[in-house]
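Single-letter residue listing:
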There are 2 protein chains.
Amino acid sequence: MKTVVLVMAGGKGERFYPASRNNYPKQFLCLLNDDESMIQKTVNRVLPIVDKEDVYILTNILYKDEVKKHLPFVKEENIVLEPSARNTAPAIELGIEKVKEKYEDALIVVLPSDQLIKDEANFLATLKLGIEYASNNDALITIGIKPTEPNTGYGYIKLSDSNKVSKVNKFVEKPNLEKAKEYLNEGDYVWNAGMFIFSLKNIDKAFKTYLPNQYDILSKDTSKFNDVEPISIDYGIMEKANNIYCIKGDFGWDDVGSWLSLERNNVQDKNGNTVLNKDVILLDSTNNIIKGKNNKLIATLGVNDLVVVEDDDVILIAKKDKVSNIKEIIKTLKEEKKDKYI
Amino acid sequence: MKTVVLVMAGGKGERFYPASRNNYPKQFLCLLNDDESMIQKTVNRVLPIVDKEDVYILTNILYKDEVKKHLPFVKEENIVLEPSARNTAPAIELGIEKVKEKYEDALIVVLPSDQLIKDEANFLATLKLGIEYASNNDALITIGIKPTEPNTGYGYIKLSDSNKVSKVNKFVEKPNLEKAKEYLNEGDYVWNAGMFIFSLKNIDKAFKTYLPNQYDILSKDTSKFNDVEPISIDYGIMEKANNIYCIKGDFGWDDVGSWLSLERNNVQDKNGNTVLNKDVILLDSTNNIIKGKNNKLIATLGVNDLVVVEDDDVILIAKKDKVSNIKEIIKTLKEEKKDKYI
């Protein structure tokens, strides 16, 4: 059976403002010190196990041109456009319906478009294991990430056993810190990273069973996409079906959740500064994160622990411990009717 | 006798980097929240006492086009170009030689082009007093500024008496803090602000007497300007002649010596931020100085006591107590051969 990759690229995001915008979300950003965007990295890293013509990009209609610019080798017919944001279950079914036009059955790998993976060989080995398992079993597989810290920003998955491909005990919501510490200690919890592997037939059956209204609409006419209810694949299927399995992944995964994560994923200078800009002069300045557009000098003098981001029409200067409040800037811009900067 | 104003606009400066540059020094900057540059303010404020055609701009040949842009009503023949920087004495004599082509005698007012004056009426009254005195006496007059603090950045002038027009006792170099405090307490010291008033005949005689080599060259052929020795008018004439008088000025003078002086000369928002930019969002941010080019949003989050300056090709972010080290940035740019940013 052929392997097909569905790349989920419909997400929007405020956490990388001002680099990310309404019409330019995180998946299109270059967040490492190279010229590859997150979506380019996502696709390039799976090309060893999938043919180019079997890569599908699920994205909001707003981002169509940007997707084409970043992935010129993906044929237009493989760019599946969501006319509105309806969360992951409708988006994935939209992709599945598209794949059904080409293949009677296939192994489907669903991947977010905005994550980093350090150990690509290990990542591909994990996918291969899942593909193998999904082709021989009645199984909907999710890739869980081995936790490295009591992170309260992710959903968790509790495993039932320690097999290479474990049965899932349950999905749990984002925990508080105390719970997150428990999960980390117990050892049988993994982070839900939004990566899935299943056969076309099995996921089709699951949509039919667990989301019958959505299935009824989309399996007949995908142009009725706006009529379906928004729901996540986790909530709509994964938490309900009883053929859910999980492979524990340990391949240097990072969902690059905010400007601060640039420190984890880039090399620092001798003063702890993380620099993504061509020309900088950082005097008496430590532990700053500097991201420019490469055509201006960014000079600092005596400043520490700042996030400095230059974009075409916005300059952001934030204390590192305040970047989680970036959304307040966007809120204020809305209030002050300065939407052109959003 | 006609009054002629010589505006000294040849100075360069690093203290307002990156807004000031080699080819764009402080006199061309708008440092108040309006659209008037320092040189425009300088000329506009004397127009009540001088005819437009009697305003001369002494400037480096590098700045000719910029002067024309800022002062379109000044005729090209009134822009006196220094082919190189030779300090104030040669520059002023160059201007004097130019005025001699038009007037046999005149009252000359020499003014720097990069200072702010709050009380313009009082300033003009001071100039008028000096013009009156210089037209009736053998006197070279300097305007001294009544000190408001023990500033170590200025030269001082010691007065001999408390007349409205005082005889000068001596000129003294920039003092250390202890000396500056003494001068402030003694009450007969004023700051040397580089403003002078004299008749054409008297200053011409002074050049001939105290700077004979320079006079010999420039009075014959101003195109030989590069052959004269650099020397300041203070050192070359004021400290030597015995007909030096001083008028104590008290008109809200500010030489706007660094980015920090923007706080003194602009209104702050309720959090103490000084803003010279069209659009800003300053959240949880206090006592910053923000100067942009008016076409970008500058957003800050949780930052205090910063100087943020956006220019076409440079962004500077400095802690306020470090701005006196801006020259280190320029030095580093030279070392790293990034002269295009200087």
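Residues numbered from 1 in each chain as written. Chains lettered and ligands numbered in written order. Predicted model: local features only at pLDDT ≥ 70, side-chain atom pairs only at ≥ 80, totals over all residues. Heavy atoms only, no water.

A.B. asks: Outline the sheet that holds strand β12 (residues 274-276) of chain A, listing residues and values.
C.D. replies: The strands making up a sheet are joined through hydrogen bonds of the backbone, oriented either antiparallel or parallel. Taken together, the six strands give an open sheet; going across it, the order is β12(A)-β14(A)-β16(A)-β17(A)-β15(B)-β13(B), and neighbouring strands pair in mixed fashion. This sheet does not close on itself; its edge strands, each paired only once, are β12 of chain A together with β13 (279-283) of chain B. Each strand axis lies, on average, 5° off the axis of its neighbour in the sheet, ignoring direction. Judged from the five bridges that link them, β13(B) and strand β15 (residues 297-301) of chain B form a sheet pairing that is parallel. Along β15(B), the bridge assignment pairs B:D279 with B:L297. Together, β17 (314-319) of chain A together with β13 and β15 of chain B form the strand contacts of helix α10 (residues 326-335) of chain A, whose direction differs from that of β13(B) by roughly 135°. (Pairing = 2+ DSSP bridges. Helix = DSSP H or I, 4+ residues; strand = E, 2+ residues; numbered from the N terminus. Axes fitted to C-alpha atoms, helices over the stretch in contact; angles between N-to-C directions. Contact = heavy atoms within 4.5 Å.)

A.B. asks: If you had to explain the pairing of strand β3 (residues 79-82) of chain B to someone new, which residues and values would you point to?
C.D. replies: Residue and element names in this part refer to chain B. Bridge analysis of strand β2 (residues 55-60) against β3 gives four bridges, and the strand direction is parallel. Bridge pairing links N60 to E82 in β3. You can see the chain leave β2, run along helix α2 (residues 64-70) and come back into β3, and the turn it takes is right-handed. (Right-handed = clockwise from strand over helix to strand, strands pointing away.)

A.B. asks: Could you give an account of the relation of the copies chain A and chain B, with specific residues and numbers?
C.D. replies: Mapping one chain copy onto the other needs a rotation about an axis and a shift along that axis. For the pair chain A and chain B, the relating rotation is 180°, the translation along its axis is 0.2 Å, and the fit reaches an RMSD of 0.1 Å. A rotation of that kind, with that shift, is consistent with a two-fold axis. A symmetric contact is evident, with 100% of the interface residues of chain A recurring at the interface of chain B. (Least-squares fit on C-alpha atoms with pLDDT ≥ 70 in both.)

A.B. asks: Got a sec to walk through the packing of aromatic side chains? Specific residues and values, please.
C.D. replies: Counting across every chain of the model gives 22 aromatic pairs over all chains. Between A:Y154 and A:W253, the ring centres sit 5.2 Å apart and the planes meet at 65°, which makes this aromatic pair edge-to-face. Placement of the pair is A:Y154 in the loop between β6 (140-145) and β7 (156-159) and A:W253 in strand β11 (residues 253-254), with a sequence separation of 99 residues. Overall, A:Y154 belongs to the buried group, its relative accessible area being 12%. Residue A:W253 is classed as buried on the basis of its relative accessible area, which comes to 11%. A network of ring pairs unites the aromatic residues A:Y24, A:F28 and A:Y63 as a single cluster. Just above the ring of B:F73 sits the side chain of B:K52; from NZ or CZ to the centre is 5.3 Å. Lying across the ring of B:Y235, B:K240 places its NZ or CZ 5.3 Å from the centre. (Phe/Tyr/Trp six-rings, centres within 6.5 Å; stacked < 30°, edge-to-face > 60°. Buried < 20%, exposed > 50% of the residue type's maximum accessible area, 1.4 Å probe, protein only. Lys NZ or Arg CZ within 6 Å of the ring centre and 35° of its normal.)

A.B. asks: I'd love a proper account of helix α1 (residues 38-46) of chain A, names of residues and values included.
C.D. replies: Residues and elements named next belong to chain A. With respect to burial, α1 is a largely interior element, eight of its nine residues being buried. M38, I39, Q40, K41, T42, V43, R45 and V46 are the residues of α1 that are buried. Tucked inside the fold, the buried residues of α1 contact β1 (3-8), β2 (55-60), α2 (64-70), β4 (107-112), β5 (116-117) and α4 (120-136).

A.B. asks: Before we move on, can you summarise empty space enclosed by the protein with the specific residues and values?
C.D. replies: For the structure shown, the criterion picks out two cavities of 30 Å³ or more. The volume enclosed by the largest cavity comes to roughly 40 Å³. For the largest cavity, the full set of lining residues is B:T42, B:R45, B:L111, B:P112, B:Q115, B:I117, B:F123 and B:M195. Those elements that provide at least two residues to the lining of the largest cavity are α1 (38-46) and β4 (107-112) of chain B. In terms of residue class, the lining of the largest cavity is made up of five nonpolar, two polar and one charged. The space that makes up the second largest cavity amounts to roughly 40 Å³. Taken together, A:T42, A:R45, A:L111, A:P112, A:Q115, A:I117, A:F123 and A:M195 make up the full set of residues lining the second largest cavity. Counting only elements with at least two residues in the lining of the second largest cavity, the list comes to α1 and β4 of chain A. Of the residues belonging to the lining of the second largest cavity, the class tally is five nonpolar, two polar and one charged. (1 Å grid on protein atoms, 1.4 Å probe; cavity = no way out; pocket = protein on both sides within 12 Å on 5 of 7 lines; lining within 4 Å. Points joined across faces, edges and corners; volume = space filled by probe spheres on them. Nonpolar A, V, L, I, M, F, W, Y, C, P; charged D, E, K, R; others polar.)

A.B. asks: Mind laying out the packing of helix α3 (residues 88-100) of chain A against helix α6 (residues 200-210) of chain A, listing which residues take part and the relevant values?
C.D. replies: All names here are of chain A. The contact between α3 and α6 brings their axes to 11 Å, and the two run at 130°. When the axis of α3 is compared with that of α6, the two are oblique. As α3 runs across α6, the sense of the crossing is left-handed. Between α3 and α6, the residues in contact are A89, I92, E93, I96, E97, V99 and K100 and L200, I203, D204 and F207, respectively. (Parallel < 35°, antiparallel > 145°, perpendicular 65-115°, else oblique. Left-handed = near helix turned anticlockwise from the far one by under 90°.)

A.B. asks: Residues and numbers for the side chain of B:S232, please.
C.D. replies: Residue and element names in this part refer to chain B. Position of S232 among the secondary structure elements: in the loop between α7 (212-218) and α8 (233-238). Taking relative accessible area as the criterion, S232 reaches 17% and is therefore assigned buried. Within the local environment of S232, its side chain forms a polar contact with the backbone nitrogen of Y235, the two atoms lying 3.0 Å apart. With residues near it in sequence (within four places) discarded, S232 still touches N87, T88 and A89. (Polar contact = N/O pair within 3.5 Å; in protein donor to acceptor, adjacent residues only side chain to side chain.)

A.B. asks: Lay out the environment of A:I39 with the relevant residues and their values.
C.D. replies: Residue and element names in this part refer to chain A. Note that I39 resides in helix α1. Expressed as a C-alpha distance, the spacing of I39 and V67, which sit 28 residues apart in the sequence, is 8.3 Å. Setting aside its immediate chain neighbours within four residues, I39 contacts V7, A9, Q27, F28, I57, V67, H70, L71 and S113.

A.B. asks: So what about the interface of chain A and chain B? Which residues, and what values?
C.D. replies: It is common to give the size of an interface as the accessible area lost on bringing the parts into contact. Between chain A and chain B, the residue contacts involve 40 residues of the former and 40 residues of the latter. Summed over the three residues of chain A that lose the most area to chain B, namely A:L301, A:I315 and A:I317, the buried surface amounts to 23% of that side. Counting across the chain A and chain B interface gives six salt bridges. At the boundary of chain A with chain B, the tally comes to 20 residue pairs in polar contact (both at pLDDT 80 or more). Among the secondary structure elements, those contributing two or more residues to the side of chain A that touches chain B are β13 (279-283), β15 (297-301), β16 (306-310), β17 and α10 of chain A. In terms of residues, the side of chain A that touches chain B owes the most to one element, β17(A), which gives six residues. Grouping the amino acids of the side of chain A that touches chain B by side-chain chemistry returns 21 nonpolar, five polar and 14 charged. One ladder, built from five bridges, connects β17(A) with β15(B); its direction is parallel. (Buried area = accessible area lost by both parts, 1.4 Å probe. Salt bridge = Lys/Arg side-chain N within 4 Å of Asp/Glu carboxyl O.)

A.B. asks: Can you explain the environment of A:D119? Please cite residues and give values.
C.D. replies: Residues and elements named next belong to chain A. Along the chain, the position of D119 falls in the loop between β5 and α4. A sequence separation of 32 residues divides D119 from N151, and the C-alpha atoms of the two residues are 21 Å apart. Polar side-chain contacts of D119 include one of 3.1 Å to the backbone nitrogen of N122.

A.B. asks: An account of the pattern of salt bridges is needed here, citing residue identities and associated values.
C.D. replies: One pass over the full model with this rule turns up 55 salt bridges over all chains. Note that A:E310 is salt-bridged to B:K296, the shortest N-O span being 3.9 Å. Of this pair, A:E310 sits in strand β16 while B:K296 sits in the loop between β14 (289-291) and β15, each in a different chain. Neither A:E310 nor B:K296 differs from the other in exposure class; each is buried. Three or more residues joined by partner-sharing salt bridges are found here, namely A:K2, A:D51, A:D54 and A:K102.

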